[in-house]
Amino acid sequence: MASNSESSASGQTGQPGQEKPVAIVCIGMAGSGKTTFMQQINAYLHNKKDGAVPYVINLDPAVLNTPFESNIDIRDSVKYKEVMKEYNLGPNGGILTSLNLFATKIDQVLNLLEKRASPDPANPARKPITNILVDTPGQIEVFVWSASGTILLESLASSFPTVIAYVIDTPRTSSTSTFMSNMLYACSILYKTKLPMILVFNKTDIKDASFAKEWMTDYDAFQAALQADENGNAFGGQEGEGGGSGSGYMGSLLNSMSLMLEEFYAHLSVVSVSSHLGTGIPEFFEAVKEKAEEFKRDYQPELEKRREQREENKKKEREKELNKMMRGMSMGGTDPAVGDIEDSEEDKMETLSSDEDSDEDAAGAGDEGLQSRYGEALGSNETTAEQASFIKYIHSQK
Ligand SMILES: Nc1nc2c(ncn2[C@@H]2O[C@H](COP(=O)(O)OP(=O)(O)OP(=O)(O)O)[C@@H](O)[C@H]2O)c(=O)[nH]1
């Protein structure tokens with residue numbers, strides 16, 4: 001397991017002066033072009049003359065073929081169809097559960113990444129990786145409410161500067177209502193992950209993204225587009241094609257939301273790319289550089305603060321439990337005669353409560369049962385030790 005000292009995403013590896021690789025996580029609606037975009041950024045990094053290559057992770061368990069080679073592929077360790085059968089799930093539930101299963105192995109993934117991020121003394125010619133590229137399934141809910149999305153992203157961000165590339169299908173976002181719903185998705189991902197985000201307007205070979213950039217920066221332009229959509233009875237229709245039952249209610253809702261989103265836009269970088277033609281990729285990497293700096297400057301301290309807060313809450317919770325137990329044993333802390341006993345008991349209690357602790361919060365008591373079920377599904381014989389280490393790891397992140 002990667003230790004926390006190793007895991008600090010401060011931007012430096014254990015080697016003096018050596019920058020940590022920046023992790024780029026591609027998230028977006030199904031069909032927005034994440035995988036094709038991954039192929040482009042992967043090829044771009046391979047073609048650079050510095051000899052450093054990216055480390056590629058595929059987290060889409062249901063993809064049939066990827067147009068790039070992955071260093072880690074979820075499909076090698078979790079069989080999506082088996083998961084669907086075993087847990088009696090549909091395709092979406094199968095994907096979510098596959099990611100949950102994979103999340104139980106995140107410590108192993110981090111170990112591999114840490115290894116590749118540092119020079120290899122046995123092979124000095126091999127350069128450490130400069131980027132970690134992560135492709136994800138189109139089930140965006142993984143990152144909005146599923147535990148695995150949080151575990152995967154928080155673990156990655158605790159070890160490496162991490163940025164989200166939110167990929168948008170530009171031609172399908174050209175009506176004000178689809179544009180707004182896409183932005184709200186992006187906003188909820190930003191809210192949940194609290195990681196720097198780049199909006200990648202993809203497929204600009206079909207439709208230029210200047211309209212979207214304008215809507216994001218010019219309130220009046222968006223209002224005019226709203227008005228036009230409303231006049232054209234677009235709301236309720238498909239992708240701005242009309243034919244629906246337009247209503248003034250939709251217009252005023254979108255209007256208020258656009259005001260609310262102004263603050264959200266202020267924190268984003270926006271790039272236009274075509275993953276088919278390969279245009280816009282250098283600009284994308286410029287944005288990554290900027291966001292990685294932002295990660296170190298703004299997000300890293302925030303992450304540390306959250307981690308400390310969790311530690312503090314855990315400590316308080318432990319003390320509360322201890323007091324409850326003491327009261328249950330009629331050992332009120334006010335009696336000086338039992339003070340010494342309380343001390344030595346406290347050590348015992350500490351041990352007990354830290355054991356309990358492994359069972360207590362989010363990963364929770366159910367998790368151990370879940371872990372072993374997951375272990376079985378993964379066909380691993382070493383589940384107990386590995387899962388204990390995973391649970392420890394997760395708790396070290398809290
Ligand atoms: N014209 C055009 N088509 C694109 C572009 N990028 C992707 N596509 C097409 O969009 C479709 C979906 O692309 P994918 O890369 O599979 O999208 P995805 O987001 O990974 O899809 P899921 O894995 O299902 O979520 C494919 O038919 C691609 O060829 C682009 O820049 N321009």
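Note that the structure is predicted; figures quoted are calculated from it, not measured. (Residues numbered from 1 in each chain as written. Predicted model: local features only at pLDDT ≥ 70, side-chain atom pairs only at ≥ 80, totals over all residues. Heavy atoms only, no water.)

A. Region of the structure containing the pattern of salt bridges. With the rule as written, the count across this model stands at nine salt bridges. Put simply, Arg75 and Asp73 hold a salt bridge, and the shortest N to O gap is 2.7 Å. The partly exposed category is assigned to Arg75, whose relative accessible area is 21%. Looking at Asp73, the relative accessible area reads 10%, which means it is buried. A salt bridge links Lys85 to Glu82, with the shortest nitrogen-to-oxygen separation between them at 3.8 Å. You can see Lys85 and its partner Glu82 sitting in helix α4 (residues 80-86), three residues apart, about one turn around the helix. By relative accessible area, which is 44% here, Glu82 ends up partly exposed. (Salt bridge = Lys/Arg side-chain N within 4 Å of Asp/Glu carboxyl O. Buried < 20%, exposed > 50% of the residue type's maximum accessible area, 1.4 Å probe, protein only. Helix = DSSP H or I, 4+ residues; strand = E, 2+ residues; numbered from the N terminus.)

B. Region of the structure containing empty space enclosed by the protein. Per the stated rule, a full pass over the model turns up four cavities of 30 Å³ or more. Its volume calculated, the largest cavity comes out at about 120 Å³. For the largest cavity, the lining is made up of 13 residues, of which Leu59, Ile106, Val134, Leu152 and Leu156 are closest to its centre. Elements with a contribution of two residues or more to the lining of the largest cavity: α6 (106-117) and α8 (147-159). Sorting elements by how many residues they give to the lining of the largest cavity places α6 first, with four residues. Counted by class, the lining of the largest cavity contains 13 nonpolar, no polar and no charged residues. (1 Å grid on protein atoms, 1.4 Å probe; cavity = no way out; pocket = protein on both sides within 12 Å on 5 of 7 lines; lining within 4 Å. Points joined across faces, edges and corners; volume = space filled by probe spheres on them. Nonpolar A, V, L, I, M, F, W, Y, C, P; charged D, E, K, R; others polar.)

C. Expanded view of the confidence of the model for the protein chain. Overall, the predicted model of the protein chain reaches an average pLDDT of 77, with 73% of residues at or above 70. Per-element confidence in the protein chain ranges from a low mean pLDDT of 35 for helix α14 (residues 339-360) to a high of 97 for strand β6 (residues 197-202). For the stretch residues 1-7, pLDDT sits under 50, and the model shows 17 contacts to residues farther than four places along the chain or on other chains. ipTM for the predicted complex: 0.98, alongside a pTM of 0.74. (pLDDT = per-residue confidence, 0-100. Contact = heavy atoms within 4.5 Å.)

D. Examining the packing of aromatic side chains more closely. Within this structure, the stated rule accounts for eight aromatic pairs. Look at Tyr44 and Phe285: their rings are 5.0 Å apart centre to centre, the planes differ by 10°, and that puts the pair in the stacked class. Of this pair, Tyr44 sits in helix α2 (residues 34-47) while Phe285 is found in helix α13 (residues 281-328), placing the two residues 241 residues apart along the sequence. You can call Tyr44 partly exposed: its relative accessible area is 28%. Plain terms: the ring middles of Phe179 and Trp215 are 5.1 Å apart, the flat faces sit at 80° to each other, and that makes the pair edge-to-face. (Phe/Tyr/Trp six-rings, centres within 6.5 Å; stacked < 30°, edge-to-face > 60°.)

E. Here's a closer look at the pairing of strand β1 (residues 22-28). Across the seven residues of β1, seven count as buried, placing the element largely inside the fold. Side chains Val22, Ile24, Cys26 and Gly28 of β1 all project onto a buried face; the interleaved residues Ala23, Val25 and Ile27 project onto the opposite face, where all are buried too. Pairing between β1 and strand β4 (residues 131-135): five bridges, direction parallel. Note that in β4 the partner of Val25 across the bridge is Val134. Bridge count for β1 against strand β5 (residues 162-169) is six bridges, and the pairing is parallel. Looking across to β5, one finds that Val25 is bridged to Ile164. (Pairing = 2+ DSSP bridges.)

F. Layout of the side chain of Asn42. Within the fold, Asn42 resides in helix α2. Here Asn42 falls in the buried class, since its relative accessible area comes to 7%. Contact partners of Asn42, with chain neighbours within four places excluded, come to Pro54, Val56, Phe68 and Leu133.

G. The sheet that holds β6, seen in detail. Taken in spatial order, the seven strands make up an open sheet running β3-β2-β4-β1-β5-β6-β7, and their pairing is parallel. The two strands at the open ends of the sheet, each matched to only one other strand, are β3 (72-73) and β7 (269-272).

H. Up close: helix α5 (residues 91-103). Taking 1.5 Å of rise per residue, 13 residues should cover 18 Å, and α5 covers 18 Å from first to last C-alpha, within 8% of that figure. Within α5 the residues assigned to the buried category are Gly94, Ile95, Leu96, Thr97, Ser98, Leu99, Leu101, Phe102 and Ala103. (Expected span 1.5 Å × (residues − 1).)

I. Structural context of unusual backbone geometry. Positive phi, normally seen in glycine, also occurs at Asn88, with a value near 55°. By the secondary structure assignment, Asn88 is in the loop between α4 and α5. We classify Asn88 as exposed; its relative accessible area is 72%. If you check the backbone angles, Lys203 has positive phi at about 65° while not being a glycine. Secondary-structure assignment places Lys203 in the loop between β6 and α10 (210-217). Classification of Lys203 as partly exposed rests on a relative accessible area of 23%.

J. Focus on the packing of helix α9 (residues 176-193) against helix α11 (residues 219-231). The contact between α9 and α11 brings their axes to 9 Å, and the two run at 125°. Classified by the interaxial angle, the pair formed by α9 and α11 is oblique. Contacts between α9 and α11 involve Thr176, Ser177, Phe179 and Met180 from the first element and Phe222, Ala225, Leu226 and Asp229 from the second. Per-class residue counts for the contact of α9 with α11 are five nonpolar, two polar and one charged. (Axes fitted to C-alpha atoms, helices over the stretch in contact; angles between N-to-C directions. Parallel < 35°, antiparallel > 145°, perpendicular 65-115°, else oblique.)

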